[in-house]
Amino acid sequence: MRTVHSLKELRTILRGYRQQGKTIGLVPTMGNLHEGHISLVRKAAESADVVVTSIFVNPMQFGAHEDLDKYPRTLAEDQEKLAEAGNTLVFAPPVEEVYPEGLARQTKVVVPEVSEGHCGASRPGHFEGVATVVTMLFNMVQPDLAVFGEKDFQQLAVIRKLVRDLRIPVEIIGAPTVREDDGLAKSSRNGYLSETERRIAPRLYQIMRETADRIQQGRTDYPALEQEASAALAEAGFRPDYVNIVNSVTLKPAAPDDPEITLLVAAFLGTTRLIDNLSLTR
Ligand code: AMP
């Protein structure tokens, strides 16, 4: 498995694969890979001849007071895991390769509506950063398909819309969330949790499951259910950021007769912000 850091080298290698008639799958990541990321690589390898995993901690999607500097960078370990998973090529560009003129002078991609609310409201500019870097990665790699985790539910919706709106010829594949045995969604940010916080963390998914059960039992008073889940999170030791029960397609507040519903949750444990989601059919 090769690792390249420059766009020029990436393009030269990919041109070779394309000339051989090989299809290309892309898995964009910020590195510090866990089994969630690896599941995306395996999924890409099922449908594409060549899998390119990008590792880039994208400064544009971090807010001023977020964890850009302390975000874990573990390239050597990541390379080992990717080689085992059947990845073909790692693209790990330095920041200057992606944003040679700096962030302020970079052309940006704005995806309206689905970017608004939820994480878009809590993290202004975040989805602009995601949409911009993902569009650039699509142009750099020109993949036939790209795999993203449902763990970042709103992000997946943003990417589906940008591909549709900008007519980018790439198939977007969503992959289910990989969890720890106790239900906590795997995340690079779980490494920030203290021992005590780590013991509390699985309550997030449990509370979501309890809320989903109530909906399955027929409750449609969604604002009250959101309040109850929020109170349960606070009781468990979280500082809830949002608990939103939404229409799975529009991500707008769910109506009582919507059949496809998703719970979107973000909550802080200490300074660590965890997100998770759960979809159900009524
Ligand atoms: P990140 O490195 O956090 O930017 O994530 C890169 C990709 O991995 C995104 O498509 C995420 O949705 C996906 N991902 C992150 N955590 C998980 C997980 N626990 N299960 C499945 N996919 C995940």
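Residues numbered from 1 in each chain as written. Predicted model: local features only at pLDDT ≥ 70, side-chain atom pairs only at ≥ 80, totals over all residues. Heavy atoms only, no water.

What is the right way to look at the environment of leucine 75 in this model?
With respect to the helices and strands, the residue leucine 75 is situated in helix H3 (residues 75-84). Judged by relative accessible area, which is 31%, leucine 75 ranks as partly exposed. Separated by 72 residues in sequence, leucine 75 and threonine 3 have C-alpha atoms that sit 9.9 Å apart. Not counting the four nearest positions on each side in its chain, leucine 75 is found in contact with His5, Ile55 and Ala92. (Helix = DSSP H or I, 4+ residues; strand = E, 2+ residues; numbered from the N terminus. Buried < 20%, exposed > 50% of the residue type's maximum accessible area, 1.4 Å probe, protein only. Contact = heavy atoms within 4.5 Å.)

Explanation requested: helix H2 (residues 35-47) in the structure shown.
Since the α-helix advances by 3.6 residues per turn, residues separated by three or four positions end up pointing in the same direction. With 13 residues, H2 extends 19 Å between its outermost C-alpha atoms, agreeing within 8% with the 18 Å of an ideal straight helix rising 1.5 Å per residue. Burial in H2 covers these residues: Gly36, His37, Ile38, Leu40, Val41 and Ala44. Residues of H2 that are buried in the fold lie against strand E2 (24-29), strand E3 (50-55), H3, strand E5 (145-149) and strand E6 (171-175). (Expected span 1.5 Å × (residues − 1).)

Any chance you could explain the sheet that holds strand E4 (residues 89-91) here in plain terms?
Remark on secondary structure: sheet strands pair via backbone hydrogen bonds, oriented parallel or antiparallel. Spatially, E1-E4-E3-E2-E5-E6 is the arrangement adopted by the six strands of the open sheet, whose pairing is parallel. Since the sheet does not close on itself, it has two edges, and those belong to strand E1 (2-4) and E6, each with one partner. Ignoring which end each strand starts from, the neighbouring axes of this sheet average 25° apart. Sheet topology places E2 next to E3; six bridges connect them, and they run parallel. Bridging across to E3, proline 28 finds its partner in serine 54. Docked against the sheet, H3 engages E1, E3 and E4, running at close to 160° with respect to E3. On top of the sheet, helix H6 (residues 126-141) reaches E2, E3, E4, E5 and E6; it is set at about 150° to E2, its chief contact. (Pairing = 2+ DSSP bridges. Axes fitted to C-alpha atoms, helices over the stretch in contact; angles between N-to-C directions.)

Help me understand the pattern of salt bridges in this model?
Side-chain pairs of opposite charge can arise where the charged atoms are in close proximity. Applying the stated criterion across every chain yields a total of 13 salt bridges. A salt bridge links aspartate 67 to arginine 189; the nearest nitrogen and oxygen atoms lie 2.8 Å apart. Linking aspartate 67 in the loop between E3 and H3 with arginine 189 in the loop between E6 and helix H8 (195-200), this pair joins segments that are 122 residues apart in sequence. Across the pair, exposure class does not vary: aspartate 67 and arginine 189 are buried alike. (Salt bridge = Lys/Arg side-chain N within 4 Å of Asp/Glu carboxyl O.)

Which parts of the structure should I look at to understand the site of the ligand?
What surrounds the ligand is a group of 16 residues, the closest being His37, Gly149, Asp152, Val178 and Lys186. Here methionine 30 contributes a backbone N or O atom positioned 2.9 Å from an oxygen atom of the ligand. Within the complex, 92% of the 490 Å² of free accessible area of the ligand lies under protein. Only E2, H2 and E5 provide two or more residues apiece to the shell around the ligand. Considering every element that reaches the shell around the ligand, the biggest residue donor is H2, with three residues. Among the residues forming the shell around the ligand, the class breakdown is six nonpolar, seven polar and three charged. (Near = heavy atom within 4 Å. Polar contact = N/O pair within 3.5 Å; in protein donor to acceptor, adjacent residues only side chain to side chain. Areas by Shrake-Rupley, 256 points an atom, 1.4 Å probe, with all protein chains shown as cover. Nonpolar A, V, L, I, M, F, W, Y, C, P; charged D, E, K, R; others polar.)

Would you mind showing me how to read the pairing of strand E9 (residues 272-281) here?
A large share of E9 lies buried, amounting to eight of its ten residues. Connecting strand E8 (residues 260-269) to the antiparallel partner E9 that follows it, the hairpin turn spans two residues, and glycine 270 within it adopts a positive phi of roughly 60°.

For this particular structure, what's the right way to read the side chain of glutamine 61?
Checked against the element boundaries, glutamine 61 lands in the loop between E3 and H3. The class of glutamine 61 is buried, set by a relative accessible area of 10%. A polar side-chain atom of glutamine 61 sits 3.0 Å from a polar atom in the side chain of asparagine 58.

Help me out: how do you make sense of the nonpolar core in this one?
Across soluble globular proteins, nonpolar side chains have a tendency to be buried as a group. Counting 48 residues, the largest nonpolar core has Leu10, Val52, Phe138, Ile159 and Ile172 as the members making the most contacts within it. Broken down by element, this core gets its largest block of residues, ten residues, from H6. The next biggest cluster of nonpolar side chains, apart from the first, holds 26 residues, and it includes Ala201, Tyr205, Leu233 and Ile261. (Core = buried A, V, L, I, M, F, W, Y, C linked by side-chain atoms within 4.5 Å.)

Just checking my understanding: could you explain the UniProt feature "binding site: (R)-pantoate" (unreviewed entry) in the protein chain for this structure?
When the UniProt feature table is mapped to this numbering, "binding site: (R)-pantoate" (unreviewed entry) covers Gln61 and Gln155. Annotated residues spanning 95 residues; largest pairwise C-alpha distance 11.4 Å, indicating a single compact cluster. With sequence-adjacent residues up to four places away left out, glutamine 61 is seen in contact with Met30, Glu66, Arg123, His126, Gly129, Val130 and Val133. By the element assignment, glutamine 155 lies in helix H7 (residues 153-165). If we skip the residues at most four places from it in the chain, glutamine 155 touches Phe127, Val130 and Phe148. (UniProt positions renumbered as here; feature names shortened; annotations may be inferred.)

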